[in-house]
Amino acid sequence: MYVIYHANETPNYQIFRGEPPAFRTPEGVATAALSGRRRGIIQLGLLLLIATPVARVAFSLLAFVRQRDITYVIVTLIVLTGLIVSMVGGHS
């Protein structure tokens, strides 16, 4: 629906407009999506796409711990740490 209504708009890259305060936190995005706002639904979808690989690595870590495969536990911890640091570092 968003693309249908805004497909013919040309962006103005000379003026920077940051995200509205409602979309700066995951809670705000979820609230906007649950209230039916199109932009909130799009942002929630993007958050889910970002969370999917992080969750997959976390579940892999749990599986490797359960199997007691220390090599893969260490490698997966390194990957998970890199993912978390990049997400937290990008937010600050």
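Counting from 1, residues in each chain are numbered in the order their sequence is written. Since the coordinates come from a predicted model, pLDDT governs what is reported: local features require at least 70, and pairs of side-chain atoms require 80 or more to be given and counted, while whole-chain, interface and lining totals use all residues. Neither water nor hydrogens contribute to the side-chain values; these are computed over all heavy atoms in the structure.

What follows is about the overall build of the protein. Elements are defined by DSSP. Helices are runs of H or I of four residues or more, strands are runs of E of two residues or more, and each kind is numbered from the N terminus. Scanning the protein from terminus to terminus reveals four helices and zero strands. Starting at the N terminus and walking to the C terminus, you meet the elements of the protein as α-α-α-α. A globule of 92 residues ought to have a C-alpha radius of gyration of about 12 Å, yet the protein, at 18 Å, is considerably larger. With respect to the principal axes defined by its C-alpha atoms, the protein has extents near 55 × 30 × 25 Å. Residue exposure (1.4 Å probe, protein chains only): buried if accessible area is under 20% of the type maximum, exposed if over 50%, otherwise partly exposed. By residue count, 14% of the 92 residues in the protein fall in the buried class. Considering only residue pairs separated by 6 or more positions, the protein has 27% of its internal contacts joining residues 24 or more positions apart. Here the radius of gyration uses the C-alpha set of atoms, whereas the globule reference equals 2.2 Å times the residue count to the power 0.38. Here, residues are in contact when the closest pair of their heavy atoms is within 4.5 Å.

It is worth spelling out the packing of helix H2 (residues 26–34) against helix H3 (residues 38–67) at this point. For the pair H2 and H3, the least separation of the axes is 7 Å and the interaxial angle reads 130°. Between H2 and H3, the interaxial angle falls into the category oblique. Crossing handedness for the pair H2 and H3: left-handed. Here H2 contributes Pro 26, Val 29, Ala 32 and Ala 33 to the contact with H3, which in turn contributes Gly 40, Ile 41, Gln 43, Leu 44 and Leu 47. Split into classes, the residues belonging to the contact of H2 with H3 amount to seven nonpolar, two polar and no charged. Interaxial angles span 0 to 180 degrees and are taken between N-to-C directions of axes, which are lines fitted to C-alpha atoms, for helices over the stretch in contact. Under this scheme an angle from 65 to 115 degrees is roughly perpendicular, one under 35 degrees roughly parallel, and one over 145 degrees roughly antiparallel; angles in between are oblique. Left-handed describes a crossing in which the near helix is turned anticlockwise from the far one by less than a right angle; the clockwise case is right-handed. Gly falls in the polar group here, along with every residue not listed as nonpolar (Ala, Val, Leu, Ile, Met, Phe, Trp, Tyr, Cys, Pro) or charged (Asp, Glu, Lys, Arg).

Within the fold, Thr 76 resides in helix H4 (residues 70–91). Not counting chain neighbours up to four residues away, the residues in contact with Thr 76 comprise Val 57, Ser 60, Leu 61 and Phe 64.

Moving on to the nonpolar core. Val 54, Val 57, Leu 61, Val 73 and Leu 80 together form the largest nonpolar core, which totals five residues. Breaking this core down by element, the ones donating at least two residues are H3 and H4. Each residue touching Leu 80, except ones within four places of it in the same chain, is listed here: Val 54, Val 57, Ala 58 and Leu 61. Only buried residues count toward a nonpolar core. Its members are Ala, Val, Leu, Ile, Met, Phe, Trp, Tyr and Cys residues joined through side-chain atoms within 4.5 Å.

Okay, H2 next. Within H2, burial applies to Gly 28, Val 29, Ala 32 and Ala 33. Relative to the axis of H2, the buried residues are bounded by an arc of 135° and lie together on one face. Facing away from the buried surface of H2 by more than 90 degrees, the exposed residues are Pro 26, Glu 27, Thr 31 and Leu 34. Tucked into the core, H2 has its buried residues touching H3. Two residues or fewer past H2, Gly 36 is found with a positive phi of approximately 90°. To obtain the arc, one takes the directions from the helix axis to the C-beta atoms.

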